[in-house]
Amino acid sequence: MIRTEQQGLHQSLLTALEARMETIISVVKKVEWIDPLFFYAAGKRLGFTERFYWSDTTQRVTIAGVGTAFTIADSSKQRFQNIRAVWDKCLQNMIVHRSSYEFGTGPLLFGGFAFDPLKPRTQLWAEYDDGVMWVPSYMVTLKDGEVWLTTNYVVHTTENAIDLQEKTEEMERKLLQQSKHPLVDAGLSFVWEEEVKPQEWIQSIPIVQEAMNVRDVSKVVLAREMRLRAKNHIDSAAVLQALRIGQPDCYIFALDYKGSCFLGATPERLIRKEADVFTSMCLAGSIGRGKTEQEDYENEEALLHDEKNRTEHAYVVDMIRSVMNALCDEVQIPYEPGLMKTKHLIHLHTPVQGKGDTHLLEMVERLHPTPALGGTPRDEALALIREHEVLDRGFYGAPIGWLDYEGNGEFAVGLRSGLIKGADVSLFAGCGIVSESDPSLEYEETKMKFKPMLTALGGYKL
Ligand SMILES: C=C(O[C@H]1C=CC=C(C(=O)O)[C@@H]1O)C(=O)O
């Protein structure tokens, strides 16, 4: 890989063309402040069908990308390794014009993975591969108040360098100009909604508990779906706006891909890498927020001392600890969980940190799914989910995030999420089932977990 500030872009394009080398040439520059969400919305107006949006829980890094310079899709069992292998090859010839390295800028892959490639895919997720990550054509990164624009050229050997540069720079100008326009009011109203087979879902819990008992499975996460139909097309940018206002403590993400958009506000980090530091978290065990400060406090205390929730949480800690111990040094995990609060829920939370040089995609592969989304033991729990859950999870509950050209990046777990297809949207929510679980309480818990998306879809006017 070449990182350069001396050689001009035009020279890089010519060099690549002369060498008949198909390569990514990336230009990173600081631009005037714009809101990445406005950039995401502008991308659609300018005809880009593929887009993504990402902001982390502290809103330190917000990224939006439009267009696809280069896509890696893989539906094999080795999806993580295969995507990594293609990316590693791309890196060999890549040329990056930049003055300095900034986390979340420059050529990066954004995308996600299906929860379980062994579960047959339905029409709902037909457009999605089991793993898809892409380098956007244009991307803005807002970080600590400063904005960078990354433009990624893919040089095909037949192209003319001057035309390519002119066309691309013209589009950069249009995108930045259009990103000054505020979002349009979503004005969403829904004509129809249904919970998909709620009674069957409740009834499946004792059946799964029985099977867990027979097969020696301690925990299984069962999820379900809700469907809504709006009067008109649902604008994902407006939903993202509502999510980032309504769920400020969460990752806000969207993958707008081949005509459907998977988006959500998840509190759960899978893994983050910056230099040699890995951070992860264990998140499992839930209770609703109280209506008053006193009730909130009582709920916190109840959750912290609830045996069933502590057990559910401990399975996640054990699994993440064993992966981190195998792949990292200096692993730090507190003995006791703390709490994480979002607008609608309180969770048991244990932060995890370690140091090492394992590839980020290897960490993702080893961690996914943790018992917060799968169960314990993993393979047996996944088999039970495949057999009993009436849901095509698709990307729900799976890793969503990005990896940059220096090997840094971050993946969240795609929870509190939905899939928009035109005027239709499917929402997903699940909860951990252990032997003590009460089916009707678990049903109520999933109802709470639909709330972030439901509120964003209906409850907020711009
Ligand atoms: C499966 C979900 O949440 C997971 C993450 C946090 C708490 C959970 C729980 O308490 O069951 C779940 O493990 C979901 O939101 O759909």
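As the structure is a prediction and not an experimental result, all values here were calculated from the model. (Residues numbered from 1 in each chain as written. Predicted model: local features only at pLDDT ≥ 70, side-chain atom pairs only at ≥ 80, totals over all residues. Heavy atoms only, no water.)

### Focus on the pattern of salt bridges
Where charged atoms of side chains with opposite charge meet at close range, the side chains can pair.
Okay, step 1: In this structure the tally under the stated criterion is 30 salt bridges.
Okay, step 2: Residue Glu 172 pairs with Lys 29 through a salt bridge whose shortest N-O separation is 2.8 Å. A residue pair is termed long-range when its members are at least 10 positions apart, and Glu 172 in helix α4 (residues 161-178) and Lys 29 in strand β2 (residues 23-31) qualify at 143 residues.
Okay, step 3: Judged by its relative accessible area of 7%, Glu 172 is buried.
Okay, step 4: Residues Arg 60 and Asp 144 are paired through a salt bridge, measuring 3.4 Å at the closest nitrogen-oxygen approach. With Arg 60 in the loop between β3 (51-55) and β4 (61-66) and Asp 144 in the loop between β9 (138-143) and β10 (146-155), the pair connects residues that are 84 residues apart, well separated along the chain. (Salt bridge = Lys/Arg side-chain N within 4 Å of Asp/Glu carboxyl O. Helix = DSSP H or I, 4+ residues; strand = E, 2+ residues; numbered from the N terminus. Buried < 20%, exposed > 50% of the residue type's maximum accessible area, 1.4 Å probe, protein only.)

### Quick word on the site of the ligand
Okay, step 1: Around the ligand lies a shell of 18 residues, among which Ser 286, Ala 372, Tyr 396, Arg 416 and Gly 430 are the nearest.
Okay, step 2: Within the side chain of Ser 286, an N or O atom sits 2.5 Å from an oxygen atom of the ligand.
Okay, step 3: Between the ligand and Glu 312, the relevant distance is 3.5 Å, taken from an oxygen atom to a side-chain nitrogen or oxygen of the residue.
Okay, step 4: Partitioning the shell around the ligand into residue classes produces 8 nonpolar, 5 polar and 5 charged. (Near = heavy atom within 4 Å. Polar contact = N/O pair within 3.5 Å; in protein donor to acceptor, adjacent residues only side chain to side chain. Nonpolar A, V, L, I, M, F, W, Y, C, P; charged D, E, K, R; others polar.)

### What to know about the environment of Ile 202
Okay, step 1: Here Ile 202 lies in helix α5 (residues 198-215).
Okay, step 2: Between the C-alpha atom of Ile 202 and that of Glu 442, which follows or precedes it by 240 residues, the distance is 8.1 Å.
Okay, step 3: Sequence-distant contacts of Ile 202, that is, excluding residues within four places in its chain, are made with Pro 439 and Tyr 443. (Contact = heavy atoms within 4.5 Å.)

### Looking at the domain arrangement of the protein chain
Okay, step 1: Per the domain assignment, the segments making up the protein chain are domain 1 (2-178) and domain 2 (190-458).
Okay, step 2: The gap between the C-alpha centroids of domain 1 and domain 2 is 27 Å.
Okay, step 3: Contacts between the two partners involve 57 residues from domain 1, matched on the other side by 62 residues from domain 2.
Okay, step 4: Roughly 5400 Å² of surface becomes buried between domain 1 and domain 2 when both sides are summed, with 58% attributable to carbon and sulfur atoms.
Okay, step 5: On the surface where domain 1 and domain 2 come into contact, there are 6 salt bridges.
Okay, step 6: The partner of Asp 116 in a salt bridge is Arg 386, with the nearest N and O atoms 2.6 Å apart. (Domains from an automatic or database assignment. Buried area = accessible area lost by both parts, 1.4 Å probe.)

### Notes on the packing of helix α8 (residues 307-327) against helix α9 (residues 360-367)
Okay, step 1: Contact pair α8 / α9: the axes reach a minimum separation of 10 Å and the direction vectors enclose 145°. Crossing of α8 over α9 shows right-handed handedness. Residues Met 319, Ile 320, Val 323, Met 324, Ala 326 and Leu 327 of α8 lie in contact with α9, whose contacting residues are Glu 362, Met 363, Arg 366 and Leu 367.
Okay, step 2: Residues belonging to the contact of α8 with α9 are distributed by class as follows: 8 nonpolar, no polar and 2 charged. (Axes fitted to C-alpha atoms, helices over the stretch in contact; angles between N-to-C directions. Left-handed = near helix turned anticlockwise from the far one by under 90°.)

### Quick look at unusual backbone geometry
Okay, step 1: Here His 368 and Pro 369 are connected by a cis peptide whose omega angle stands at -15°.
Okay, step 2: Turning to its location among the elements, Pro 369 is positioned in the loop between α9 and β20 (375-376).
Okay, step 3: Here Thr 376 and Pro 377 are connected by a cis peptide whose omega angle stands at -10°.
Okay, step 4: Inspection of the secondary structure puts Pro 377 in the loop between β20 and α10 (378-388).
Okay, step 5: Phi at Ala 275 takes a positive value of approximately 55°, unusual for a residue other than glycine.

### Some points on a negative patch on the surface
Okay, step 1: Negative charge collects at one region of the surface, where Asp 276, Asp 329, Glu 330 and Asp 357 lie side by side.
Okay, step 2: Here Glu 330 lies in strand β17 (residues 329-332). (Patch = residues over 30% accessible without salt bridge, like charges linked within 9 Å, V, L, I, M, F, W, Y side chains within 5 Å. Areas by Shrake-Rupley, 256 points an atom, 1.4 Å probe, with all protein chains shown as cover. Lys, Arg positive; Asp, Glu negative; His and termini not counted. Charge placed at Lys NZ, Arg CZ, Asp CG, Glu CD.)

### What to know about the UniProt feature "domain: Chorismate-utilising enzyme C-terminal" (unreviewed entry) in the protein chain
Okay, step 1: The UniProt record marks residues 198-449 with the feature "domain: Chorismate-utilising enzyme C-terminal" (unreviewed entry), using the residue numbering of this structure.
Okay, step 2: Its end C-alpha atoms 14 Å apart, residues 198-449 is made of 37% helix and 36% strand. (UniProt positions renumbered as here; feature names shortened; annotations may be inferred.)

### Focus: α4
Okay, step 1: Over its 18 residues, α4 extends 26 Å from the first C-alpha to the last, a length consistent with the 26 Å expected when each residue adds 1.5 Å.
Okay, step 2: If you check which residues of α4 are buried, you get Ala 161, Leu 164, Gln 165, Thr 168, Met 171, Glu 172 and Leu 175. Down the axis of α4, the smallest arc covering the buried residues is 135°, so these residues share one side. Relative to its buried face, α4 has exposed residues pointing more than 90 degrees away, namely Glu 166, Lys 167 and Arg 173.
Okay, step 3: Of the surrounding secondary structure, the elements contacted by the buried residues of α4 are α1 (9-18), β2, α2 (36-45), β4, β9 and β10. (Expected span 1.5 Å × (residues − 1). Arc of directions from axis to C-beta.)

### With respect to the pairing of strand β13 (residues 251-257)
Okay, step 1: When you tally the buried positions in β13, you get 7 out of 7 residues, the bulk of the element.
Okay, step 2: Neither face of β13 is exposed, since Tyr 251, Phe 253, Leu 255 and Tyr 257 on one face and Ile 252, Ala 254 and Asp 256 on the opposite face are all buried.
Okay, step 3: As defined by bridge partners, β3 adjoins β13 across 5 bridges and the pair is classed as antiparallel. Within β13, the residue paired with Ser 55 across the bridge is Ile 252.
Okay, step 4: Relative to strand β14 (residues 260-266), β13 is paired through 7 bridges, and the arrangement is antiparallel. Its bridge partner being in β14, Leu 255 is matched across the sheet by Phe 262. (Pairing = 2+ DSSP bridges.)

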